[in-house]
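# Summary of the model geometry
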Amino acid sequence: MGFHVRGACLRQTAPVYFFNDSGSPSWGGKAVAQMTCMEVLAMLKFCQREGFREGWNDHLAGRATSDAGNMFHSQFADGVPFNVWRMSYASGARVARRRDGQEAPIALPAHG
């Protein structure tokens, strides 16, 4: 599944993504106050899934960093989507490193 970011990383709204197989998710471009509970959960699940996938792929490609590809503003929704993505990215890279027999951690910079 490929996706493309169409919206900027804004403090007030979620980024707008477009998925090749399903189009744009309903939470894209919305403020948290405009989202339903299901949209918030879907957005956080996206952060987990795509953050992990990017961390895994970036490690295998030799380009893993602390949170590459994180398009959520660090202050959007009190930083929750940003941090879920960040931790999932690190987890994906860590699992890929273990698979390769490497144990060196990726340093996560403080965001606040």
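Refer to the structure printed above.
Quick look at the structure, then. (Residues numbered from 1 in each chain as written. Predicted model: local features only at pLDDT ≥ 70, side-chain atom pairs only at ≥ 80, totals over all residues. Heavy atoms only, no water.)

## What to know about the overall build of the protein chain
- In terms of helices and strands, the protein chain carries two helices and two strands.
- Seen in sequence order, the protein chain has helices and strands lined up from the N terminus as β-β-α-α.
- Taking all 112 residues of the protein chain together, the buried fraction comes to 35%.
- Put simply, of all contacts in the protein chain between residues at least 6 apart along the chain, 53% involve residues at least 24 apart.
- With the model as given, the accessible surface of the protein chain reaches about 6,200 Å², and the carbon-plus-sulfur share is 56%. (Helix = DSSP H or I, 4+ residues; strand = E, 2+ residues; numbered from the N terminus. Buried < 20%, exposed > 50% of the residue type's maximum accessible area, 1.4 Å probe, protein only. Contact = heavy atoms within 4.5 Å. Areas by Shrake-Rupley, 256 points an atom, 1.4 Å probe, with all protein chains shown as cover.)

## Structural notes on the environment of phenylalanine 82
- Relative to the helices and strands, phenylalanine 82 resides in helix H2 (residues 80–99).
- Distance from phenylalanine 82 to cysteine 47, taken between C-alpha atoms, is 7.9 Å for residues 35 residues apart in sequence.

## Focus: the nonpolar core
- Core analysis: the largest hydrophobic core is formed by 13 residues, its most contacted members being Ala14, Tyr17, Trp27, Met43, Phe46, Phe72 and Trp85.
- Among the secondary structure elements, those contributing two or more residues to this core are strand E2 (17–19), helix H1 (37–60) and H2. (Core = buried A, V, L, I, M, F, W, Y, C linked by side-chain atoms within 4.5 Å.)

## Quick look at the pattern of salt bridges
- The final tally for this structure, using the stated rule, is four salt bridges.
- Across the pair glutamate 50 and arginine 53 runs a salt bridge, and its minimum N-O distance is 2.7 Å. Residue glutamate 50 and its partner arginine 53 are both found in helix H1; the two are separated by three residues, about one turn of the helix. (Salt bridge = Lys/Arg side-chain N within 4 Å of Asp/Glu carboxyl O.)

## Comments concerning H1
- Compared with the 34 Å implied by 1.5 Å per residue over 24 residues, the 35 Å span of H1 between its first and last C-alpha is a close match.
- When we look at burial in H1, the residues that qualify are Glu39, Met43, Phe46, Cys47, Glu50, Gly51, Glu54, Gly55, Asp58 and His59.
- Where H1 terminates, the next one or two residues include glycine 62, which has phi positive at roughly 75 degrees. (Expected span 1.5 Å × (residues − 1).)

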